[in-house]
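Architecture at a glance
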Amino acid sequence: MTTITAAITAVGAYVPEFVLSNQVLETMVDTNDEWITTRTGIKERRLLKEKGKGTSFMAIKAAQDLISKANINPAEIDLVIMATTTADMPVASTGVYVASQIGAVNAFAYDLQAACSSFLYGMSNAAAYIQSGRYKKVLLIGADKMSSIIDYTDRATCIIFGDGAGAVLFEPNYEGLGLQDEYLRSDGIGREYLKIDAGGSILPPSIETVQNRQHYVFQDGKTVFKYAVSGMADVSEKIMERNNLTKDDINWLVAHQANKRIIDATANRMGLDESKVLVNIHRYGNTTSATLPLLLSDFENQLKKGDNLIFAAFGGGFTWGSIYLKWAYNKQ
Ligand code: UT7
């Protein structure tokens, strides 16, 4: 029997037009371009400003970009996995709405929430469905409207995050390309350091929670930074060891774009030259579930069939992990 592997066969993306630069942030909070650039690597981020438009708006655009570029019939999609931390609404699945809007009329859909690791965990989900032989086309979308949960008077968080969306299609592969191995982790110790206190079942929203600004993201940046640096480097090293990969075997590091210093530390531990490290944090900031597919979209031209990609992410929860994937196509 031929082994089925799960390969990424198409990529799509969308970012909103509105650009929030470091220079404009300087006029909003007590910060400056030099601090943001040296501490994070971010120069600007995109924000979805139009009233009434949520995460689904960007997710639909990214999925439609993929569908038109890959020229696929959306009715053939079996499953839509919507990786997001900023669902359109607390109840009513965003993925289900997105699937209907893109014409994936024969698909079922659901949301997957694992903070900044949502897309990475989604890759694991999507690949498992394909490898089992159960489904043939799984659309994985990562999208977040972080601007909807960020306090633009809090300089500790508002300089970091941005909005965006990306999508990939997973399909069966019979040449051994696609997902090779994964090492996914989580630890509830992280809950106190990166969270939104109000709006959930512990502290439902009220006038007080809004007045206390508890509906916004809180982050103890220094602590998260410490865990992220060791977490992302550890799992990436582990996946290299487990698959007998040396630094020369790896073509690309596709790392969550939270902070350039975290990406550099991971690349260093892996012994990778910076030419192998995909980076676009300067343009989008941290788009949470969208960072990994936005990298694939921006660098799709450079990825070659058979290339070894190491994905790595770290996020709230804590959630983190690494995935080893062989790229399956050359862009036409
Ligand atoms: O994606 C999910 C996971 N999230 C992450 O991976 C984020 C991890 N954390 C980080 O990326 C970094 O911790 C931050 C970028 C959030 C902060 O950088 P840092 O180097 O850890 O700064 P810090 O919080 O230790 O603050 C250093 C100094 C402080 O001043 P003092 O106490 O040294 O006088 C802050 O008050 O920088 C000050 N500061 C700022 N200054 C200008 C904090 N934020 C700002 C700011 N502009 N925006």
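Residues numbered from 1 in each chain as written. Predicted model: local features only at pLDDT ≥ 70, side-chain atom pairs only at ≥ 80, totals over all residues. Heavy atoms only, no water.

Under an unreviewed UniProt entry, the protein chain has the name Beta-ketoacyl-[acyl-carrier-protein] synthase III and belongs to Flavobacterium silvisoli. You can read under Sequence similarities (unreviewed entry) in the UniProt record for the protein chain the words "Belongs to the thiolase-like superfamily. FabH family." Quoted verbatim from the Pathway (unreviewed entry) field of UniProt, the annotation for the protein chain is "Lipid metabolism; fatty acid biosynthesis." (UniProt positions renumbered as here; feature names shortened; annotations may be inferred.)

With their axes 10 Å apart at the nearest point, helix α3 (residues 55-70) and helix α4 (residues 94-101) run at an angle of 45 degrees to one another. Overall, the two elements α3 and α4 adopt an arrangement that is oblique. As for the relative orientation of α3 and α4, their crossing is right-handed in sense. Across from S56, A59, I60 and Q64 in α3, the residues of α4 making contact are T94, Y97, V98 and Q101. Of the residues assigned to the contact of α3 with α4, the class counts are four nonpolar, four polar and no charged. (Axes fitted to C-alpha atoms, helices over the stretch in contact; angles between N-to-C directions. Helix = DSSP H or I, 4+ residues; strand = E, 2+ residues; numbered from the N terminus. Parallel < 35°, antiparallel > 145°, perpendicular 65-115°, else oblique. Left-handed = near helix turned anticlockwise from the far one by under 90°. Contact = heavy atoms within 4.5 Å. Nonpolar A, V, L, I, M, F, W, Y, C, P; charged D, E, K, R; others polar.)

Next up on the list: the packing of aromatic side chains. Here the structure, examined in full by the defined rule, presents 11 aromatic pairs. Where F108 meets Y110, the ring centres are 6.5 Å apart and the plane angle is 35 degrees; that geometry is what we call tilted. What makes F108 partly exposed here is its relative accessible area of 35%. On the basis of an interplanar angle of 55 degrees and a centroid distance of 5.7 Å, the ring pair of F108 and Y135 is categorised as tilted. You can see F108 sitting in strand β5 (residues 108-112) and its partner Y135 sitting in the loop between α5 (118-131) and β6 (138-145), a full 27 residues away along the chain. Using a relative accessible area of 22% as the deciding quantity, one classes Y135 as partly exposed. Among the aromatic residues, those joined into a ring-pair cluster are Y193, Y227, F314, F318 and W320. (Phe/Tyr/Trp six-rings, centres within 6.5 Å; stacked < 30°, edge-to-face > 60°. Buried < 20%, exposed > 50% of the residue type's maximum accessible area, 1.4 Å probe, protein only.)

Strands pair in a sheet through their backbones, by hydrogen bonds, and they do so in one of two ways: parallel or antiparallel. A sheet is described by the order of its strands in space; here four strands give the open sequence β8-β13-β12-β11, paired in mixed fashion. Sheet topology places β8 (178-186) and β11 (252-255) at the edges, where each strand pairs with a single neighbour. For this sheet, the mean angle separating the axes of adjacent strands, direction not counted, is 15 degrees. One ladder, built from eight bridges, connects strand β12 (residues 308-315) with strand β13 (residues 319-326); its direction is antiparallel. Across the sheet, residue A312 finds its bridge partner in β13, namely S322. In the packing of helix α9 (residues 260-270) onto the sheet, the strands contacted are β11 and β12, and the crossing angle to β11 comes to about 145 degrees. (Pairing = 2+ DSSP bridges.)

The feature "domain: Beta-ketoacyl-[acyl-carrier-protein] synthase III N-terminal" (unreviewed entry), as given by UniProt, occupies residues 110-188 in the numbering adopted here. Taken end to end, residues 110-188 is 23% helix and 39% strand, and its two terminal C-alpha atoms sit 23 Å from one another.

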